[in-house]
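# Examination of the molecular architecture
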Amino acid sequence: MHKSSKIYVAGHRGMVGSAILRKLQDEGYTNFVLRTSQELDLRKQSEVENFFSIEKPEYVFLAAAKVGGIVANNTYRADFLYENLAIQNNIIHSAYLTGVRKLLFLGSSCIYPKLAPQPLKEEYLLSGYLEPTNEPYAIAKIAGIKLCEAYRSQYGCDFISVMPTNLYGPNDNYDLQNSHVLPAMIRKFHEAKVNNAPNVNLWGTGSPMREFLHADDMAAACVYLMEHYSEPELVNVGTGADVTIKELAETVKKIVGFEGELIWDTSKPDGTPRKLMDVSKLHSYGWKHRIELEKGIGMAYQDFLDHHASLRMG
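In what follows, the accompanying structure is described. (Residues numbered from 1 in each chain as written. Predicted model: local features only at pLDDT ≥ 70, side-chain atom pairs only at ≥ 80, totals over all residues. Heavy atoms only, no water.)

## Overview of the pairing of strand β3 (residues 59–62)
As a reminder of what qualifies: Exposed residues in this analysis have more than 50% of their type's maximum accessible area, buried residues have under 20%, and partly exposed residues fall in between, with area computed by a 1.4 Å probe over protein chains only. The secondary structure listing takes helices from DSSP runs of H or I that are at least 4 residues long and strands from runs of E that are at least 2 residues long, numbered from the N terminus. For two strands to count as paired, DSSP must find a minimum of two bridges between them.
In β3, alternate side chains face the same way, and those of Tyr59 and Phe61 on one face and Val60 and Leu62 on the other are all buried. Strand direction decides the pairing type here: strand β1 (residues 7–10) and β3, joined by 4 bridges, are parallel. Bridge pairing in β3 places Tyr8 opposite Val60. Two elements, β3 and strand β4 (residues 102–106), share 4 bridges in a ladder whose sense is parallel. Directly across from Phe61, in β4, lies its bridge partner Leu104.

Here you go:
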């Protein structure tokens, strides 16, 4: 990419998309074409094709998606499958039609089988059954990966796919019904602290292990791979280290300053037992994360205080 290359960041107001946009701006890129979901409905093929034919972006970061945690994924199964398929199909096909130089598709670590060996290697894709609670989202993302591979194979398109681990950071979703585990914990502990609550209730046993990557690190990896990687195979993006949900809760509790007790509701589902990414391929291309978890949670909590703490009044 040149500093003046025309770049479309799909989903630029979401956590990952906004981080990618910030990273590109920090590196001196200046020519962006951006649309909010109100301005451009990515689920509608005619709107997307019209947008691409008029704007003709050279590089595309496909970070737009319908996302959520266990509750949202399990409740809105049709929405997660249909909307994500529509968004990525429309963008990837339009990128092909208008001769986009390169496209980066963002997937998710949930694409891997529920009981795949750990750490998760890229070649484990489609080697077993998926976690049922987020199967529709995972199937959509798998289809996106395969679509990029197919357009590369059939048409020679330089479309690449990256699979991030669990992400957190600025512009995260703190809605308790639809958020992921880390932002949900930040909000829960903050509200409990403000309200002097004696305890916080958390789902499951606390035993599952999860890996977390700060959105700014994810953005840096995306920009790096856009510049240095052009292969058909997907690339895992993560830290290569994980913690138990219980350890995560204790860390968030300490950073937020909540002094009450943790109560684990073991009647609620744990989800996948473990999801640790094998990031040796990413490291072999010369990129490694910089923001360690405790520092990153502190940054995320400050962002919550700055922009989202009023949620507790809702």
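Read on for the rest.
## Considerations on the pattern of salt bridges
Pairs can form between side chains of opposite charge once their charged atoms are near each other. What counts here: Salt bridge, as used here: a side-chain nitrogen of Lys or Arg that lies within 4 Å of a carboxyl oxygen of Asp or Glu.
Taken as a whole and judged by the stated rule, the model has 15 salt bridges. Glu55 is paired through a salt bridge with Arg35; the nearest N and O atoms lie 2.8 Å apart. Of this pair, Glu55 sits in helix α2 (residues 45–55) while Arg35 sits in the loop between β2 (32–33) and α2, placing them 20 residues apart in sequence. Its salt-bridge partner being Asp278, residue Lys121 comes within 2.9 Å of it at the nearest N-O pair. Here Lys121, found in the loop between β4 and α5 (135–155), pairs with Asp278, found in the loop between β13 (274–275) and α9 (280–284); they are 157 residues apart in sequence, far enough to count as distant.

## A short note on the sheet that holds β2
Heads up, the rule is: Residue contacts follow a heavy-atom distance rule, with two residues in contact if any of their heavy atoms lie within 4.5 Å. All axes are obtained by fitting lines to C-alpha atoms, using only the stretch in contact for helices, and the reported angles, taken between N-to-C directions, cover 0 to 180 degrees.
Overall, parallel pairing links the 6 strands, which are arranged β2-β1-β3-β4-β5-β10 in an open sheet. Of all the strands in the sheet, just β2 and β10 (235–237) have a single pairing partner and so form its edges. Strands β1, β3, β4 and β5 (159–164) of the sheet are contacted by helix α4 (residues 77–97), whose axis makes an angle of about 170° with β3.

## Regarding the sheet that holds β13
Taking strand neighbours across the sheet as the criterion, the 3 strands line up as β11-β8-β13 in an open arrangement whose pairing is mixed. Edge positions in the open sheet fall to β11 (243–244) and β13, since each of these has one partner strand only. Here strand β8 (residues 209–210) runs beside β13; their pairing, made up of 2 bridges, is parallel. Counterpart to Met209 in the pairing with β13 is Arg274.

## Quick notes on the packing of aromatic side chains
Counted only if it meets this: Stacked, tilted and edge-to-face are the three classes assigned to paired rings of Phe, Tyr and Trp, where Trp is represented by its six-membered ring and a pair needs centres within 6.5 Å; plane angles under 30 degrees give stacked, over 60 edge-to-face, the rest tilted. Both a distance and an angle decide whether a charge sits over a ring: NZ of Lys or CZ of Arg must be within 6 Å of the ring centre and within 35 degrees of the ring normal.
Overall, the coordinates contain 12 aromatic pairs when judged by the stated rule. Taken together, a centroid distance of 4.1 Å and an interplanar angle of 25° make the contact between Tyr96 and Tyr155 stacked. In this pair, Tyr96 is assigned in helix α4 and Tyr155 in helix α5, connecting sequence segments 59 residues apart. On the accessibility criterion, Tyr96 (27% relative accessible area) is partly exposed. Ring geometry for Tyr151 against Phe159: centres 6.3 Å apart, planes inclined by 35°, an arrangement best described as tilted. Given the relative accessible area of 12%, Tyr151 is considered buried. Ring pairing ties together the aromatic residues Tyr96, Tyr151, Tyr155 and Phe159, which thus form one cluster. Taking NZ or CZ as reference, Lys3 lies 4.4 Å from the ring centre of Tyr29, over its face. In this arrangement the basic side chain of Lys66 is found over the ring face of Phe80, its NZ or CZ atom lying 5.4 Å from the centre.

Geometry only, nothing functional implied.
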